[in-house]
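Overview (structure and organization)
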Amino acid sequence: MSKKAWGGRFSGEALEWVEEFNASIHFDKVLLDLDIKGSIAHAEMLADCGIISAEDKDTIVDGLHRVKEEADKGNIEWDVKHEDIHMNVEHALIELIGPVGGKLHTGRSRNDQIATDMHLYVKEQVLSIIQSIEELQNTIIKIAEENIHVIMPGYTHLQRAQPILFSHHMMAYFWMFKRDKERMQDALKRIDVSPLGAGAISGTTFNIDREMTKKALGFGDLYHNSMDAVSDRDYIIETLSGINLVMIHLSRISEEIIFWMSEEAKFVTLSDTFTTGSSMMPQKKNPDMAELIRGKTGRTTGALMSMLMLVKGLPLTYNKDMQEDKEGLFDAVTTVLGALKIMNGMIDTMTVNEERLEQTINEDFSNATELADYLVEKNVPFRDAHEVVGKLVLKCINSNQYLKDLSLEEFQAANRFIEKDIYDVLSPKTVVDRRLSYGGTSTESVKQQIKYAKEII
Ligand code: ARG
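Summarised in this report is the structure supplied together with it. (Residues numbered from 1 in each chain as written. Predicted model: local features only at pLDDT ≥ 70, side-chain atom pairs only at ≥ 80, totals over all residues. Heavy atoms only, no water.)

A short note on the overall build of the chain
Scanning the chain from terminus to terminus reveals 19 helices and six strands. Compactness check: the chain gives a C-alpha radius of gyration of 31 Å against a globular reference of 23 Å for 457 residues, more than 25% above the reference. Expressed along its principal axes, the backbone C-alpha trace of the chain runs to roughly 100 × 50 × 40 Å. Carbon and sulfur atoms provide 52% of the accessible area of the chain, an area that totals close to 22500 Å². (Helix = DSSP H or I, 4+ residues; strand = E, 2+ residues; numbered from the N terminus. Rg over C-alpha atoms; globule rule 2.2 N^0.38 Å. Areas by Shrake-Rupley, 256 points an atom, 1.4 Å probe, with all protein chains shown as cover.)

So, the site of the ligand
Within the structure, the ligand sits among Ser24, Asp84, His86, Arg110, Asn111, Ile114, Tyr318, Gln323 and Lys326. For the ligand, a nitrogen atom lies 3.2 Å from a polar atom in the side chain of Ser24. In this structure, a nitrogen atom belonging to the ligand sits 2.8 Å away from a side-chain N or O atom of Gln323. Starting from 340 Å² of accessible surface for the ligand in isolation, the protein chains cover 87%. Sort the elements by how many residues they give to the shell around the ligand and helix H6 (residues 110-146) lands first, with three residues. Across the shell around the ligand, the residue classes tally to two nonpolar, four polar and three charged. (Near = heavy atom within 4 Å. Polar contact = N/O pair within 3.5 Å; in protein donor to acceptor, adjacent residues only side chain to side chain. Nonpolar A, V, L, I, M, F, W, Y, C, P; charged D, E, K, R; others polar.)

Focus: helix H11 (residues 288-312)
The end-to-end C-alpha distance of H11 is 37 Å, a good match for the 36 Å that 25 residues give at a rise of 1.5 Å each. All of the buried residues in H11 are Met289, Ala290, Ile293, Thr297, Thr300, Ala303, Leu304, Met307 and Leu310. Summarising the contacts, the buried residues of H11 are in contact with helix H10 (234-261) and helix H12 (326-348). (Expected span 1.5 Å × (residues − 1). Buried < 20%, exposed > 50% of the residue type's maximum accessible area, 1.4 Å probe, protein only. Contact = heavy atoms within 4.5 Å.)

Focus: the packing of aromatic side chains
Enumeration over the complete set of coordinates arrives at eight aromatic pairs. Ring centres 5.7 Å apart and planes at 85° place the aromatic pair Tyr155 and Phe259 in the edge-to-face group. Here Tyr155 is found in strand E1 (residues 151-156), whereas its partner Phe259 is found in helix H10, with 104 residues between them in sequence. Of the residues examined, Tyr155 reaches a relative accessible area of 25% and is grouped as partly exposed. Judged by centre distance (5.4 Å) and plane angle (50°), the ring pair of Phe365 and Tyr402 falls under tilted. Note that Phe365 is positioned in the loop between helix H13 (354-361) and helix H14 (368-377) and Tyr402 in the loop between helix H15 (382-398) and helix H16 (408-414), a separation of 37 residues in sequence. According to the relative accessible area criterion, Phe365 is partly exposed, its value standing at 23%. Residue Tyr402 is classed as partly exposed on the basis of its relative accessible area of 26%. Through a chain of ring-to-ring contacts, three or more aromatic side chains come together here, namely Tyr155, Phe259 and Phe267. (Phe/Tyr/Trp six-rings, centres within 6.5 Å; stacked < 30°, edge-to-face > 60°.)

So, the pairing of E1
Strand direction decides the pairing type here: E1 and strand E2 (residues 159-165), joined by six bridges, are antiparallel. If you follow Thr156 over to E2, its bridge partner there is Gln159. The loop that links E1 with its antiparallel partner E2 comprises two residues; one of these, His157, has a positive phi angle of about 55°. (Pairing = 2+ DSSP bridges.)

Concerning a nonpolar patch on the surface
Among the surface-exposed residues, Leu15, Trp17 and Val18 lie close enough to one another that they form a single nonpolar patch of about 330 Å² accessible area. With respect to the helices and strands, the residue Trp17 is situated in helix H1 (residues 16-22). The exposure class of Trp17 is exposed, given its relative accessible area of 66%. (Patch = residues over 30% accessible without salt bridge, like charges linked within 9 Å, V, L, I, M, F, W, Y side chains within 5 Å. Salt bridge = Lys/Arg side-chain N within 4 Å of Asp/Glu carboxyl O.)

A short note on the nonpolar core
Nonpolar side chains in soluble globular proteins generally cluster together in the buried interior. Membership of the largest hydrophobic core comes to 110 residues, with the highest contact counts inside it found for Ile140, Phe166, Leu250, Ile257, Met343, Met346 and Ile347. At 14 residues, H6 tops the list of elements feeding residues into this core. Dropping the residues within four chain positions of it, Met343 is found in contact with Leu136, Leu250, Ile253, Ser254, Ile257 and Ile293. Within the second largest apolar cluster, 19 residues are counted, among which are Val393, Leu403, Ile418 and Val425. (Core = buried A, V, L, I, M, F, W, Y, C linked by side-chain atoms within 4.5 Å.)

Re the packing of H10 against H12
H12 packs onto H10 with a crossing angle of 30° between their chain directions and a minimal axis gap of 10 Å. In the packing of H10 onto H12, the handedness of the crossing is left-handed. When H10 is examined against H12, the residues Ile236, Leu240, Ile243, Val246, Met247, Leu250, Ile253, Ser254 and Ile257 are found in contact with a partner set consisting of Leu329, Ala332, Val333, Thr335, Val336, Ala339, Leu340, Met343, Met346 and Ile347. Partitioning the contact of H10 with H12 into residue classes produces 17 nonpolar, two polar and no charged. (Axes fitted to C-alpha atoms, helices over the stretch in contact; angles between N-to-C directions. Left-handed = near helix turned anticlockwise from the far one by under 90°.)

Observations concerning helix H4 (residues 54-72)
For H4, with 19 residues, the first-to-last C-alpha span of 27 Å sits near the 27 Å given by 1.5 Å per residue. Residues of H4 that are buried include every one of Asp56, Lys57, Ile60, Val61, Gly63, Leu64, Val67 and Ala71, and no others. For H4, the buried positions fall inside an angular range of 160° around the axis, keeping them on one side. Residues of H4 that are exposed and point more than 90 degrees away from the buried face comprise Glu55 and Asp72. (Arc of directions from axis to C-beta.)

What about the pattern of salt bridges?
A complete count under the given rule lists 37 salt bridges for this structure. Between Glu19 and Lys4 there is a salt bridge, and its shortest N-O distance comes to 2.6 Å. Placement of the pair is Glu19 in helix H1 and Lys4 in the segment before H1, with a sequence separation of 15 residues. Lys4 gets classed as buried once you look at its relative accessible area, which sits at 18%.

Some words on unusual backbone geometry
Note that the residue after Leu316, namely Thr317, is joined by a cis bond; omega there is 0°. Even without a glycine there, the phi angle at Glu83 is positive, about 60°. With respect to the element layout, Glu83 can be found in the loop between H4 and helix H5 (85-97). Even without a glycine there, the phi angle at His157 is positive, about 55°. As for its position among the elements, His157 is in the loop between E1 and E2.

Here it is, written out as structure tokens:
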């Protein structure tokens with residue numbers, strides 16, 4: 001049996017099933033590259049500060065590169081006996097270069113080491129999430145521009161409310177993702193901080209240079225308190241919160257797409273690539289990808305919840321509980337990146353069924369507000385106008401017609417101020433295009449919105 005790094009203190013035997021429970025190597029092995037990067041920066045700093053010799057440093061750095069190469073070739077067997085990625089790498093290093101490898105851990109603890117690895121990991125992933133959000137935003141702009149004039153029903157309470165432009169509806173998501181991106185960018189300030197050199201808890205007696213490792217690893221700042229450095233997991237919680245808002249937004253748009261794809265709505269058709277069939281019902285084309293995004297949002301929410309629970313009662317500083325910060329985060333990162341990519345492809349290849357939307361929007365009462373506003377312009381108090389229109393709607397429902405089907409006489413019987421221009425006023429296109437207020441759904445306002453969106457992306 002191989003000797004433990006802490007073997008000196010121990011005389012009892014280690015049991016494999018206990019080691020199995022204790023280990024994190026199954027999942028923290030994904031940190032290999034970053035762990036080696038951190039170790040190289042640390043070794044170089046140790047040599048520059050005269051704590052280890054230049055020769056030892058060269059041997060160690062060379063050895064670390066070799067560990068990486070051997071690992072990539074699959075020649076290193078990760079072992080629960082060495083618990084985690086840090087001890088496995090150190091073990092492999094000593095096997096390759098001999099006892100000098102043991103000098104690497106001078107002035108460092110696994111506590112600041114794992115914190116460093118995780119900061120590097122989260123930074124890398126957040127940057128790629130930001131990029132994926134941006135790609136999706138561009139696709140949203142593209143589909144909005146391609147369908148700039150298409151009118152669809154806008155809903156409140158999932159009841160037809162007022163006609164809107166499809167492009168306006170899509171652009172609403174652009175702004176949600178803009179906020180998501182900003183949240184991620186803001187979190188970067190707190191992610192991009194070096195804990196390296198905090199030691200186990202209190203710093204170190206060696207004359208290390210934390211600025212140097214900070215710079216070498218490309219961090220923008222460093223922790224100013226060693227205890228905070230090793231116990232802070234806020235940045236993981238923040239990242240998970242940010243990821244979850246992205247997922248929630250993706251889930252909401254998924255829900256809409258699922259509805260739009262239904263036989264009842266038929267507003268859009270998803271491409272074959274982003275749908276699946278049924279094993280039994282030959283006619284089916286199911287929006288599985290959208291459903292999965294909606295479903296996976298539950299998973300990422302779970303990761304955030306467990307992270308919050310994890311740190312809730314933890315005293316300073318490092319506690320082994322913190323090893324549990326990884327799997328949920330890794331999974332959430334993979335999930336959000338996958339979901340963003342799928343959503344991007346799904347929207348990019350989606351067909352908007354303009355004719356069907358046109359028919360839909362002409363067969364509802366979503367122009368009722370327009371008639372009320374028309375009467376208000378003729379000096380009828382809004383409350384009274386509301387009442388008049390409500391009665392007309394009821395009349396139409398009872399006689400199976402829509403407002404536009406009423407004769408001018410019928411309109412005038414309801415209110416004598418109504419004139420024949422009412423038919424144009426009630427047409428969905430007029431309804432939409434009169435909404436010229438800033439941020440409204442008129443073609444002009446939406447074009448202005450898209451122009452601004454393009455400027456700021
Ligand atoms: N595998 C550990 C983790 O992920 C690394 C830090 C271990 N530190 C310790 N003092 N046992 O949290």
